[in-house]
Amino acid sequence: MTVPSRPIRPLDRERRFNLRATALFFALLALILCILVFVIRTAADIAESRPLWAGSIVVMGIAAAHLGRSRWRRFSAARYARRAAEALEEAAELASAKSEVLTDAGHGDSAAQVLDGEEATVVLDPPDDDAELDPDEFEQAIADLCVRDACREVEVVGGAGDLGADVVAVTAEGLRIVIQCKLYGDDNKVGSQDLQRFGGTCFTVHGADIAALVTTSDFTTPALDYAQQCGIVCVNGEELRAWSDGTGPSPWEEAGAEV
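Residues numbered from 1 in each chain as written. Predicted model: local features only at pLDDT ≥ 70, side-chain atom pairs only at ≥ 80, totals over all residues. Heavy atoms only, no water.

**A short note on the overall build of the protein**
To keep things clear, this is the line we draw: What counts as a helix is a DSSP run of H or I of at least four residues, what counts as a strand is a run of E of at least two, and both are numbered from the N terminus. Here the term buried applies to any residue with accessible area under 20% of the maximum for its type, exposed to any over 50%, and partly exposed to those in between, with areas from a 1.4 Å probe on protein chains only. In this description, contact between two residues means that some pair of their heavy atoms is separated by no more than 4.5 Å. Per-residue and other accessible areas follow the Shrake-Rupley method at a 1.4 Å probe size, with only the shown protein chains counted as cover for residues.
Scanning the protein from N- to C-terminus turns up 7 helices and 7 strands. For the protein, the sequential pattern of α-helices and β-strands runs α-α-β-β-α-β-β-β-α-β-α-β-α-α. Counting over 259 residues, the protein shows a buried share of 26%. Sequence-distant contacts in the protein: of pairs separated by 6 or more residues, those separated by 24 or more amount to 47%. Accessible surface, the protein: about 18,800 Å² in total, of which carbon and sulfur atoms supply 57%.

**A look at the pattern of salt bridges**
Filter applied, for reference: Any Lys or Arg side-chain nitrogen found within 4 Å of a carboxyl oxygen on Asp or Glu counts as a salt bridge.
Going through the model one piece at a time under the given rule, you end up with 2 salt bridges. In this structure, Asp149 engages Arg148 in a salt bridge whose closest nitrogen and oxygen atoms are separated by 3.0 Å. Look at Arg148 and you get partly exposed, because its relative accessible area is 34%. We note a salt bridge from Arg197 to Asp194, for which the minimum N-O separation is 2.6 Å. With Arg197 and Asp194 both in helix α4 (residues 192-199) and 3 residues apart, this pair spans about one turn of that helix. Judged by relative accessible area, which is 11%, Asp194 ranks as buried.

All quantities given are derived from atomic positions and should not be read as evidence of function.
Structure representation (structure tokens):
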């Protein structure tokens, strides 16, 4: 059996009492006190023998202190004013840049100005080929379609921890719609597991009145059966193109037609 040994801490020699350093400290302290007493006595003698000079020196000292304080205040005020002017200039440049972006977007052929309360939002129509988009752009394109079709409170919430909801919105009739977006290729269909995961959160967690799964591909038969049992609207690639072109119904319109 091995008994662990405790390490022995070395003695801190620097903390030992040093007589020479202590004596030197008190000697310097005594010298400073002597000089201070000498200065005070000299000042008292001058004030007693030559009060005019002493008064002049005191007044000059007070004036110099006041002048230095005033200059420091002016310097500080100028510095703060310069910083404020720089901040205002940066804010003006940022506002000008945003205004130019909104103006350019408003003059585009595929842009529409949509008012939501007091804020103006520029909505762009999605591209003709959704396969050219990445997943984030595809979710934004679906959100733009919701805005185009008079939905309000449209928000893209897809990402890590979204629990199946990529786009949420409120229809013109006041119904809350929750959409999951699947950017799949033609040879990759949405299966029943995808529908089951979405069905477990769309109503209970996100409080959807209408739940829809939109894909650029298609659905397997088990997935469609599960969606029909749970009341989830399935929008495949062909139906998505019709919705985008305006020749087909939106997911909430399709849900109303099914009811």
